[in-house]
Amino acid sequence: MNPPSTAPLTELRINTYEDPILQHQYVCLGHKIANIRVSLNMSQHELARHVGISRSYLSKLECGTGISGMSLEILFKIAQAFQIDVGQLVRLRIVDYKNCNAHLTSHYKRLEFLNHTKNQTVNNLHKKTHVN
């Protein structure tokens, strides 16, 4: 099954996949891992310790940032920690894409707001320095 069509992640080039579909799938898998972890009331420290990776590396996996992929060993260990089959973990369903897209949309909106606020601040400072 193909993932729902989505806008390319051009402004958030967050992993090294050139193909935007693979990039989106990777980000959504990381988001799914984070959602399952949170639903199990498990901290990043706990899951990282169980898997044998650092908390910062797990954070990158969950966000899809700064790494090129995850090994099968890590996927199997994460599935084991969640007590689910690895197939369940990597199977991205429509609901997984919807949750991921909602998260990305809110992230984009925050970025747009922060950029707008930053631009307003810069413009205001520029006006103040040039008024005198």
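Figured I'd write up the structure that's included with this text. (Residues numbered from 1 in each chain as written. Predicted model: local features only at pLDDT ≥ 70, side-chain atom pairs only at ≥ 80, totals over all residues. Heavy atoms only, no water.)

### Side note on the state of the cysteines
Here a disulfide denotes a covalent bond joining the sulfur atom of one cysteine to the sulfur atom of another. The full count for this structure, using the stated rule, is 1 disulfide. Here cysteine 28 is linked by a disulfide to cysteine 100, with a sulfur-sulfur distance of 2.4 Å. Across the S-S bond of cysteine 28 and cysteine 100 the torsion is about -90 degrees, and the bridge reads as left-handed. Of this pair, cysteine 28 sits in helix α1 (residues 20-39) while cysteine 100 sits in helix α6 (residues 94-131), and the two are 72 residues apart along the sequence. Per residue, the accessibility class of cysteine 28 equals that of cysteine 100, and both read buried. (Disulfide = S-S within 2.5 Å. Helix = DSSP H or I, 4+ residues; strand = E, 2+ residues; numbered from the N terminus. Buried < 20%, exposed > 50% of the residue type's maximum accessible area, 1.4 Å probe, protein only.)

### Comments concerning the side chain of histidine 31
For histidine 31, the location among the structural elements is in helix α1. Not counting chain neighbours up to four residues away, the residues in contact with histidine 31 comprise Glu62, Asn99, Cys100 and His103. (Contact = heavy atoms within 4.5 Å.)

### Here we look at the pattern of salt bridges
Inspection of every chain in the model, using the stated rule, returns 4 salt bridges. A salt bridge links arginine 37 to glutamate 62, with the shortest nitrogen-to-oxygen separation between them at 2.6 Å. Placement of arginine 37 in helix α1 and of glutamate 62 in helix α3 (residues 55-63) is noted, with a sequence separation of 25 residues between them. Using a relative accessible area of 10% as the deciding quantity, one classes arginine 37 as buried. The salt bridge partner of lysine 77 is glutamate 73, with a shortest N-O separation of 3.0 Å. Taken together, the residues span about one helical turn, with lysine 77 and glutamate 73 both in helix α4 (residues 72-82) at a distance of 4 residues. Assessed through its relative accessible area of 30%, lysine 77 is described here as partly exposed. Among the charged side chains, a salt-bridge network with shared partners connects Lys32, Arg93 and Asp96. (Salt bridge = Lys/Arg side-chain N within 4 Å of Asp/Glu carboxyl O.)

### Regarding helix α2 (residues 44-51)
Those residues of α2 that sit buried are Gln44, Leu47, Ala48 and Val51. Projected down its long axis, α2 shows its buried positions confined to an angular sector of 100 degrees, all on one face. Opposite the packed face of α2, turned more than 90 degrees from it, sit the exposed residues His45 and Arg49. Its buried side turned inward, α2 meets α1, α3 and α4. Two residues or fewer after α2 comes glycine 52, characterised by a positive phi angle close to 90 degrees. (Arc of directions from axis to C-beta.)

### So, the packing of α2 against α4
Contact geometry of α2 with α4 gives a least axis separation of 9 Å together with a crossing angle of 120 degrees. Regarding the angle of α2 to α4, the classification is oblique. Taken as a pair, α2 and α4 cross one another with a handedness that is right-handed. Residues Leu47, His50 and Val51 of α2 form the contact with α4, whose participating residues are Ile74, Lys77, Ile78, Gln80, Ala81 and Phe82. Looking at the contact of α2 with α4 residue by residue, the classes come out as 6 nonpolar, 2 polar and 1 charged. (Axes fitted to C-alpha atoms, helices over the stretch in contact; angles between N-to-C directions. Parallel < 35°, antiparallel > 145°, perpendicular 65-115°, else oblique. Left-handed = near helix turned anticlockwise from the far one by under 90°. Nonpolar A, V, L, I, M, F, W, Y, C, P; charged D, E, K, R; others polar.)

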